[in-house]
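Take a look at the letters that make up each chain.
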Amino acid sequence: MSGRYNHKIAESKWQKRWQEANIFKVEKKDNKKKYYVLEMFPYPSGKIHMGHVRNYTLGDVVARYKKMKGYNVFHPMGWDAFGLPAENAAITEKKNPADWTYGNIKYMRNQLKSMGFSIDWDRELATCHPGYYKHEQLFFLKMYESGLAYKKMSEVNWDPVDKTVLANEQVIDGRGWRSGALVVKKNLSQWFLKTSSYSDELLTDLDSLDMWPNKVKIMQSNWIGKSEGAEIIFSLVNNNILEEKNLKVFTTRPDTIFGATFVAISPDHQLANKISKKDSAAKKFIDQIKTMDSEKTKVGYNTKIFIKHPFLDKKIPLFIANFVLMDYGLGAIFGCPAHDQRDLEFALKYDLDVIQVVKSTTSEEKFNKTKSKALLESGVMINSDFLNGLENEKAKKEVLKKLEKEGVGNKKTNYKLRDWGISRQRYWGCPIPILYREDGSVVPVQEKDLPVLLPVLNQNNPSPTTDEVNEWKNTTCPSTGMKAVRETDTFDTFFESSWYFLRYCNPRSEQPFIKKDVNYWLPVDQYIGGIEHAILHLLYSRFFTKALRDLGFVDISEPFKGLFTQGMVTHKTFKNLKGDWVEPSSVLENKEGHLDNSGKKVKVGKIEKMSKSKKNVVNPSSIIDVYGADTARWFMLSDSPPERDLEWTDVGVASAHKFINKIWDTCHKAKNYTNSKNLEKRNKFDNLIKSVSENIEKFHFNKSVANIYEYVNELNKAMNEKKASANNIKNIVRDLCIIIHPFTPHLSEEIWEALGCEDFCANAKWPQITKDNIVNTIELPIQINGKLKGLVSAKKEDKEEFVIKKAKDLPSVNKTLNDKEVIKIIYIPGKILNIVIK
RNA sequence: GGGAGUAUGGCGGAACUGGUAGACGCGCCGGAUUCAAAAUCCGGUCACUUCGGUGGUGUGGGUUCGAUUCCCUCUACUCCUACCA
């Protein structure tokens, strides 16, 4: 052990040894407590980015720490391998999506390995592999059988020039990203999963997820959007154009029923459709709305049809209105302008009556329609017949009673959560195992015929879909022999990511899962990923787990026990005077400002998330090459708390690198240290080890890092001052080696070996701290009137009189006290002594 | 419009359930080493100060022996969501 630490040699050496010794390979061990650490798996886009480095470093700290704490740690890795970029590559690089994807996986796997993550690579999976996706085809068939999967018409973005369906992210300002053509909405029959039938369970189970960030739970709860209210049946009067006699609406404010002055339906409501067939003006209006496209202004069409108020002998007009949404509630509402802002705006525009029915009890102010501000507060009912005088919450119940008694309404709970549309008109995805027979029937592919393999493309199609592969698409029905065509849509790629964490338990099994393994490993103890997946991925995974449970595949109800959402990796940006982004690495700073490499002035931009378009990405591989993986890891963990954004800076990386070398030098010095006297206990070091552990458990890695800095500084001090015996130092260094291991594993192994320790450091036991090693003498602050006057060495068990006496010995205390009258003394053992004087 | 969150030195950030504000790191300053530099090591670093102290955690107030921490007011910024009846 001498000379400079060479990360290039050390890192590849230990990666090789770990692999040869298979130390991260895990199996189920019933006598050992398991710990499942999972980071969100990457999309194989080509190469890893700093976001990945941060994500997997955080997870690796937890995984290595828990292993040293004696857990059977499960830490697998895989690839979210289906998706659009592979198809784009097929277009721009003329590559087969499969070849492109597998090539990227190979490259990125090596990059991840060069980071030294403690992953069980034997469990690696790629979702585009038939061995993976055949199981989700089975799930789909089971869901179809049980009514959980169904088909209905739904809108897609259609590019009329490229003649293709576009994903939302391919529509930019209403135009196709490639053709630039105006995108039109087109109705297609598509597959859906009934996520909505799990709305209530998905909502209530959020309460059990106490190791999830509150923020994420609130976001999911809002997304599910439970609201309680009533359905009310109105009867239609004087209508001679429709067969319908009734119209049902949903409301959360049944108490305001006497303030109803109009009823409105969505342009997509079936009644609107019927009206438009008889009323050409209505049809014109509806067509107009469809081209208006996300306008905020409220427009309506008066159908001249009237509605009877359920409790009054009163007729109110029926409108078709653009602000009524078809996919929430029933697509029909009653408008109470006095107590709903939207209704008020609409009423003022179309000169409809405004009747106040709730009087606020909190604000004195009377409702005033000319201010065009609806009264939303609770209060007491007025102008409301049998409800007058009631609190409006009470009135809700009374109205419901009466509605139910008269058979014109009922209590109803609504959810915003909609069913999950899983059809994608894409090639690079999992084929949906359905046949459409020539007699018109929909036939699920038989289980024995799974998987339905993706056809191989043999042409460089500008936008490939399975629809174009006729020899694949045209087939026969296996039971009748009739002609049939395959479903040519593929699954949304969220389908694959909704169950991969279960598949890791038995990644090569012919069965989708082996229950005893799943029951052992699941749920995931610690899931780590970006906040951008707070809603969709996490909600779909929770839904999928529940659905698989109900189909008998698994026994758990929630997949992720603990969740951590990490912040982004950011970097400064620059723009030249033309407004183009300039790479930070080519910018020089001098007295006159910032210049690019041709000497032209550049403007300093904001600090933003690393992205190719802003040219502010830093390539992990070049960092690993120059500084090493341990430096990259250490930098990722220093300073910034993991949940916040981390700004990438060159000086930050350099200083992380410096510390790696400092640890090495310190340990080197310690190895050659001699001193026979044992002058000091190792209290300080034990205290710091305790802090490092606690901070890892709490995901405060930046604080653990600070503790390690202190530990190394203390170690140097102890050696410089010859304050400890050689044996003492030896133990301190050995413990240092262990506590830095989760952060900088290669360096720690290298020191471990140099110290002559047995086995791998990765297999070592985390130091046990006994209580009596922890310092209980503190420097107790002494205050007078809340102002600090000095410190006194004291133990927690010291008596008040003793501490006061010691305090009075302090000159600063003595002087301030003088002979002033002491009013009160506050003594909190181990915390503070405060003397209150006049 | 609705919801969530943040605000502490030149910078990133510490401060456990109210108890020494600024741990640790960066930067900066000084010193050692060196022919010199880099690297490294040691020390200093909130502001003001008559060297006794005084002020200080976005603003203004409150509770308390004591407030970055709890309560109220205002301001700024960030994120999510959005005509959800």
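Residues numbered from 1 in each chain as written. Chains lettered and ligands numbered in written order. Predicted model: local features only at pLDDT ≥ 70, side-chain atom pairs only at ≥ 80, totals over all residues. Heavy atoms only, no water.

### Observations regarding the packing of helix H20 (residues 683-697) against helix H21 (residues 701-720)
Here is step 1 of the chain: Packing of H20 against H21 leaves a shortest axis separation of 8 Å and a crossing angle of 165°. Regarding the angle of H20 to H21, the classification is roughly antiparallel. Note that H20 runs across H21; the crossing there is left-handed. Contact residues: H20 offers Lys-684, Phe-685, Leu-688, Ile-689, Ser-691, Val-692, Asn-695 and Ile-696, while H21 offers Phe-701, Lys-703, Ser-704, Asn-707, Ile-708, Glu-710, Tyr-711, Glu-714 and Leu-715.
Here is step 2 of the chain: Looking at side-chain class alone, the contact of H20 with H21 contains nine nonpolar, four polar and four charged residues. (Axes fitted to C-alpha atoms, helices over the stretch in contact; angles between N-to-C directions. Helix = DSSP H or I, 4+ residues; strand = E, 2+ residues; numbered from the N terminus. Parallel < 35°, antiparallel > 145°, perpendicular 65-115°, else oblique. Left-handed = near helix turned anticlockwise from the far one by under 90°. Contact = heavy atoms within 4.5 Å. Nonpolar A, V, L, I, M, F, W, Y, C, P; charged D, E, K, R; others polar.)

### Observations concerning helix H3 (residues 84-92)
Here is step 1 of the chain: Residues of H3 that are buried: Leu-84, Ala-86, Glu-87, Ala-89, Ala-90 and Ile-91.
Here is step 2 of the chain: Its buried side turned inward, H3 meets helix H4 (97-113).
Here is step 3 of the chain: Positive backbone phi, approximately 55°, marks Lys-94, located one or two places after H3. (Buried < 20%, exposed > 50% of the residue type's maximum accessible area, 1.4 Å probe, protein only.)

### Notes on the protein's contact with RNA strand B
Here is step 1 of the chain: Contacts to RNA strand B come from 47 residues, most closely from Thr-252, Lys-298, Arg-342, Lys-703 and Asn-834.
Here is step 2 of the chain: Each atom of RNA strand B within 4 Å of the protein was assigned to sugar, phosphate or base; sugar and phosphate come to 56%.
Here is step 3 of the chain: Contacts to RNA strand B include Lys-824, whose side-chain N or O atom sits 3.4 Å from a phosphate oxygen.
Here is step 4 of the chain: The element best represented in the surface near RNA strand B is H21, accounting for six residues.
Here is step 5 of the chain: Broken down by class, the residue content of the surface near RNA strand B amounts to 18 nonpolar, 12 polar and 17 charged. (Near = heavy atom within 4 Å. Polar contact = N/O pair within 3.5 Å; in protein donor to acceptor, adjacent residues only side chain to side chain.)

### Here we look at the packing of aromatic side chains
Here is step 1 of the chain: Across all of its chains, the model carries 57 aromatic pairs by this definition.
Here is step 2 of the chain: For the ring pair Phe-74 and Trp-521, a centre distance of 4.2 Å and an interplane angle of 20° mean the geometry is stacked. With Phe-74 in strand S2 (residues 72-74) and Trp-521 in helix H15 (residues 515-521), the pair connects residues that are 447 residues apart, well separated along the chain.
Here is step 3 of the chain: Given the relative accessible area of 0%, Phe-74 is considered buried.
Here is step 4 of the chain: Here Trp-521 falls in the buried class, since its relative accessible area comes to 1%.
Here is step 5 of the chain: Seen in terms of ring centroids, Phe-139 and Trp-499 are 4.9 Å apart; in terms of plane orientation they differ by 85°. Their pairing is edge-to-face. Taken together, the residues Phe-139 in helix H5 (residues 130-145) and Trp-499 in the loop between helix H13 (494-497) and helix H14 (500-503) connect sequence positions 360 residues apart. Take Phe-139 and Trp-499: they sit in the same class, and that class is buried.
Here is step 6 of the chain: The positively charged end of Lys-402 is found above the aromatic ring belonging to Phe-386, 4.4 Å away from the centroid. (Phe/Tyr/Trp six-rings, centres within 6.5 Å; stacked < 30°, edge-to-face > 60°. Lys NZ or Arg CZ within 6 Å of the ring centre and 35° of its normal.)

### Quick word on the pairing of strand S32 (residues 601-609)
Here is step 1 of the chain: Examined bridge by bridge, strand S28 (residues 569-576) and S32 share six bridges and lie antiparallel to one another. Each residue of the ladder has a partner; that of His-571, found in S32, is Glu-608.
Here is step 2 of the chain: Looking at chain direction, strand S31 (residues 593-595) and S32 are connected through two bridges and run antiparallel. Within S32, the residue paired with His-594 across the bridge is Val-602.
Here is step 3 of the chain: Taken together, S31 and the strand that follows it, S32, pair antiparallel across an intervening segment of five residues, in which Gly-599 is found at a positive phi of about 85°. (Pairing = 2+ DSSP bridges.)

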